[in-house]
Amino acid sequence: MRIYFAGPLFTPYERSFIDQCAAQLRSEGFEVFVPHEIPLPDPVTAKFIFEVDSKEVMSANAVLALLDGPMVDDGTATEIGIFWAAMRSDKSKKGIVGLVTDTRVIRDRNMIDGKGINLFVRGCVEDVGEVVDKFEKALPILRQWKEELSALA
């Protein structure tokens with residue numbers, strides 16, 4: 001199963017967390033696309049980023065989206081929306097898992113009742129998947145989707 005790992009990637013900490021999660025997924029046989037792993041041209045253009053990332057979103061079977069931060073990263077929200085729309089006509093697309101590890105969202109904004117994450121983004125994720133608060137909770141969902149895809153092959 002091919003996973004598109006969406007999320008903010010602008011600090012060493014964000015990239016490191018995504019890298020650690022992607023490594024674990026790869027060790028379990030998942031194919032994972034991580035946007036910050038691609039070589040970038042000089043200069044980097046919006047056209048290049050859009051062409052590469054949208055192609056990879058469309059070729060994925062699932063999206064794992066890191067939703068941490070004071071607000072959901074705008075690129076991540078766009079990737080979620082593109083994938084959600086593609087699911088309407090492509091049965092090889094299994095769903096979206098939103099991952100929130102940010103205590104500002106979990107504690108201060110009480111993620112449980114929907115606060116802290118833009119409700120449109122959260123609704124999009126929950127329409128086809130689930131929002132979880134630990135990477136370890138995302139794994140069983142992704143494993144199940146992988147099994148379902150394997151059964152179809």
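Up top is the structure.
Rules behind the numbers
- For every chain, the first residue of the written sequence is number 1, and numbering continues from 1 along that sequence.
- Whole-chain, interface and lining totals are the exception, using all residues; otherwise, since this is a predicted model, local features are given only for residues with pLDDT of at least 70 and side-chain atom pairs are given and counted only at 80 or more.
- Side-chain metrics in this entry use all non-hydrogen atoms of the structure; hydrogen atoms and water are not considered.
- Exposure categories follow from relative accessible area, calculated using a 1.4 Å probe and restricted to protein chains: below 20% of the type maximum is buried, above 50% is exposed, and the middle band is partly exposed.
- In DSSP terms, a helix is any run of H or I states spanning at least four residues, a strand is any run of E spanning at least two, and both are numbered starting from the N terminus.
- Strand pairing is assigned whenever DSSP detects at least two bridges linking the two strands.
- By salt bridge we mean one thing: a side-chain nitrogen of Lys or Arg within 4 Å of a carboxyl oxygen of Asp or Glu.

**A short note on the pairing of strand β3 (residues 62-66)**
If a strand is regular, its side chains alternate between the two faces of the sheet. Along β3, 5 of the 5 residues are buried, which leaves the element largely enclosed by surrounding structure. Residue alternation in β3 divides its side chains into two sets, Ala 62, Leu 64 and Leu 66 and Val 63 and Ala 65, and both sets are buried. Judged from the 4 bridges that link them, strand β1 (residues 2-6) and β3 form a sheet pairing that is parallel. What sits directly across from Tyr 4, in β3, is Val 63.

**Regarding unusual backbone geometry**
Pro 43 follows Asp 42 through a cis peptide bond whose omega is 5°. Mapped onto the fold, Pro 43 is located in the loop between β2 (31-33) and α2 (46-59).

**Section: the pattern of salt bridges**
What the rule picks out here adds up to 11 salt bridges. The salt bridge involving Lys 137 is made with Asp 133; its shortest N-O contact spans 2.8 Å. One connected set of salt bridges, linked through shared partners, spans Arg 2, Glu 31, Lys 55 and Glu 56.

Just distances and angles here, no functional claims.
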